[in-house]
Amino acid sequence: MKQLTSEQFTEYAADPLTTDGSVRKWCGVPEDRYFTVAMWPEECMGQVRVTPDLHRVVRAVKISG
């Protein structure tokens with residue numbers, strides 16, 4: 001489990017979809033994994049947890065014509 005700084009959490013809370021890549025970079029979350037960021041309870045705010053049993057399908061850009 002990783003912890004966002006207060007500035008990072010504020011940025012994430014303002015627009016979670018836009019900051020997906022930033023959270024992955026800040027916390028070292030692999031591109032093929034899902035993660036959650038705790039919004040409550042207050043003592044857990046900003047905790048980043050990688051979901052161990054779920055994997056995202058990351059498709060490579062097609063380069064052949």
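Preceding this section is the structure that the text describes.
No experiment lies behind these values; they were computed from the predicted model shown. By convention here, each chain's residues receive numbers from 1 onward along its written sequence. Selection of residues for local features in this predicted model requires a pLDDT of at least 70, selection of side-chain atom pairs for listing and counting requires 80 or more, and totals for whole chains, interfaces and linings are taken over all residues. Side-chain figures throughout are based on the complete set of non-hydrogen atoms in the structure, without hydrogens or water.

A. Fine view of the overall build of the protein chain. Along the protein chain, the regular secondary structure elements total 2 helices and 3 strands. Runs of E in the DSSP output that reach at least two residues are strands. Runs of H or I that reach at least four are helices, and both are numbered from the N terminus. Written out in order from the N terminus, the α and β elements of the protein chain read β-α-α-β-β. For the protein chain, buried positions account for 26% of its 65 residues. By definition in these notes, contact holds between two residues if any of their heavy atoms fall within 4.5 Å. Excluding contacts between residues fewer than 6 apart, the proportion of contacts in the protein chain whose partners are at least 24 apart in sequence is 35%. Carbon and sulfur atoms form 56% of the exposed surface of the protein chain, whose accessible area is close to 5,100 Å². Here the term buried applies to any residue with accessible area under 20% of the maximum for its type, exposed to any over 50%, and partly exposed to those in between, with areas from a 1.4 Å probe on protein chains only. Only the protein chains shown count as cover for residues, and all accessible areas are computed by the Shrake-Rupley method using a 1.4 Å probe.

B. A look at helix α1 (residues 6-14). Residues Gln8, Phe9 and Tyr12 constitute the buried set of α1. The buried residues of α1 occupy an angular sector of 100° when the element is viewed end-on, so they sit on one face. Away from the buried face of α1 by more than 90 degrees, exposed residues Ser6, Glu7, Thr10 and Ala14 are located. Of the surrounding secondary structure, the elements contacted by the buried residues of α1 are α2 (20-27) and β2 (33-37). Think of the arc as the fan of directions from the helix axis to the C-beta atoms.

C. How the structure looks around the pairing of strand β3 (residues 47-55). Here, any two strands with at least 2 DSSP bridges between them count as paired. Bridge analysis of strand β1 (residues 2-3) against β3 gives 2 bridges, and the strand direction is antiparallel. Looking at β3, one finds that Gln3 is bridged to Gln47. Sheet topology places β2 next to β3; 4 bridges connect them, and they run antiparallel. Bridge pairing in β3 places Thr36 opposite Arg49.

D. Inspection of the pattern of salt bridges at higher detail. Put simply, a salt bridge is a Lys or Arg side-chain nitrogen that is within 4 Å of an Asp or Glu carboxyl oxygen. What the rule picks out here adds up to 1 salt bridge. Measuring nitrogen to oxygen at the nearest pair gives 3.0 Å for the salt bridge that ties Asp20 to Arg24. Remark: Arg24 and Asp20 occur in helix α2; sequence separation between them is 4 residues, near one turn of the helix.

E. Broad picture of the sheet that holds β2. One open sheet holds the 3 strands; their spatial order is β1-β3-β2, and the pairing between them is antiparallel. What marks the edges here is a single partner per strand, and that holds for β1 and β2. Note on method: axes are straight lines fitted to C-alpha atoms, helices fitted across the in-contact stretch only, with angles between N-to-C directions ranging 0 to 180 degrees. Running over the sheet, α2 touches β1, β2 and β3 and is turned about 95° from β2.

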